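Close look at the chain arrangement
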Amino acid sequence: MALGGGGVGIVGLIIYFVLSQLGGVSTGGSGLGGGLGSVGSGQQVDNSKLSSECRTGADANKNHDCAIVAVVNSVQDYWTQQFARSGSTYRKAPTNFFNGGVRTGCGSATSDTGPFYCPADSEVYIDLSFFDELKTRFGAQGGLFTEAYVLAHEYGHHVQNLLGTSKKGTGTGPTSGSVRLELQADCYAGVWANHASTTPTESGKPLITDVTQDDINSALDTASRIGDDYIQENLGGGQVDRSKFTHGTSAQRKKWFTTGFQTGEPARCDTFGTNNLG
C-alpha cells in the first residue's frame, strides 16, 4: 500500500487517545506504532499537534501513525465526495483510539469489544491492541492494509448511520439484520479500496497512490479470520452455531468486500435487498 501525493491534512478529524488508568500503553513496535503508544493516561491529541507531525505523504510513509491518519482521511474524503455526487452531505466521524476501556454514547466498552462504531455519538472507536491481536490470536497476516480494511469497515457503519440503515441491523442468525449490516460495511470498505488511489484531497492529489493485489489479499485474509464460523470454531468452543451469527461467515465477508472492490459501486452493496448473501 503506497502513500503519497498531497498533504495528509487533519481537516475535520480529531483523534483522541483514551488510555487505561494503569498509565501508558505499549504497542510492541507494531499495531499503531510508537507515537500512539507513548501517549500518557488521560491525554488527548488534537488537530494542531497531529497536523504538525503529519503534513505530507512522505510523513505517512515514514510514520505509521501518520499512515493511519492518511487512511482515515482517504476513507472520509471518498464518502464526502460520494455523498456530494448524490446531493447529500457527509458528516465526518471523529476517530477514537483507546486501550483498556472507553466511555461512549453507546455506553462503556472494553478492549474485548474490538473496533466498533457508536451510532449514538456518530464516532468510531479503535482499540489500540486490536491490530496486534489480529496477528497473535486470529492468525491474520497483518500489515497496513489490514488496518485500512478494519478502519474502512467501521466508517462503513458511519455511512449506514447517515443513510438510516443502521436501524435495520437487529437480531442474530445467518440472514439477520445484524449480519446484513456487517456484510454491507465490508462491501463499503471494498468500494473505498477501489477508489482509494483516485480520491483526491483538497490539494487535488490522492493520499494513497497504489493499492496492490497483496494489499487486497491481506484484507481478504483478515476477513477470513473474523467470520462468525471461524471465530466460533477456532476461538470459541469448537462448535459452529449459526443461530448466533452476527457478522456473517468468513466466506461471506470475503465475498462482500470483493463485491465492493470489484465494482466500486455503493449501490452494489445492498445486502438487505438480496436473498443470496453468499
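Anyway, here's the lowdown on the structure attached to this text. Keep in mind that this is a model prediction, so the values were computed, not measured. (Residues numbered from 1 in each chain as written. Predicted model: local features only at pLDDT ≥ 70, side-chain atom pairs only at ≥ 80, totals over all residues. Heavy atoms only, no water.)

**A closer look at the pairing of strand β3 (residues 95–98)**
Neither face of β3 is exposed, since Thr-95 and Phe-97 on one face and Asn-96 and Phe-98 on the opposite face are all buried. The sheet contact formed by β3 and strand β7 (residues 123–127) spans four bridges and is parallel. Looking at the pairing, Asn-96 lines up with Tyr-125 of β7. (Buried < 20%, exposed > 50% of the residue type's maximum accessible area, 1.4 Å probe, protein only. Helix = DSSP H or I, 4+ residues; strand = E, 2+ residues; numbered from the N terminus. Pairing = 2+ DSSP bridges.)

**Some details on the pairing of strand β4 (residues 101–104)**
Burial along β4 is one-sided: Val-102 and Thr-104 are buried, and none of Gly-101 and Arg-103, which face the opposite way, are. In the sheet, β4 pairs with strand β5 (residues 107–110) via four bridges, with the strands oriented antiparallel. Of the residues in β5, the one forming a bridge with Gly-101 is Thr-110. A loop of two residues connects β4 with β5, the two strands running antiparallel in sequence.

**Regarding the packing of aromatic side chains**
A complete count under the given rule lists 10 aromatic pairs for this structure. Considering the side-chain rings of Tyr-78 and Trp-79, the 4.9 Å spacing of their centres and the 70 degrees angle between planes classify their relative orientation as edge-to-face. Of the two residues examined, Tyr-78 and Trp-79, each falls in the buried class. In this arrangement the basic side chain of Lys-168 is found over the ring face of Phe-272, its NZ or CZ atom lying 5.2 Å from the centre. (Phe/Tyr/Trp six-rings, centres within 6.5 Å; stacked < 30°, edge-to-face > 60°. Lys NZ or Arg CZ within 6 Å of the ring centre and 35° of its normal.)

**Overview of the side chain of Glu-182**
Structurally, the position occupied by Glu-182 is in helix α7 (residues 177–195). Within the buried core, Glu-182 has no salt-bridge partner, and the shortest N-O distance to an opposite charge, that of Arg-253, equals 4.6 Å. If we ignore the near neighbours within four places in the chain, the residues touching Glu-182 are His-153, His-157, Thr-246 and His-247. (Lys, Arg positive; Asp, Glu negative; His and termini not counted. Salt bridge = Lys/Arg side-chain N within 4 Å of Asp/Glu carboxyl O. Contact = heavy atoms within 4.5 Å.)

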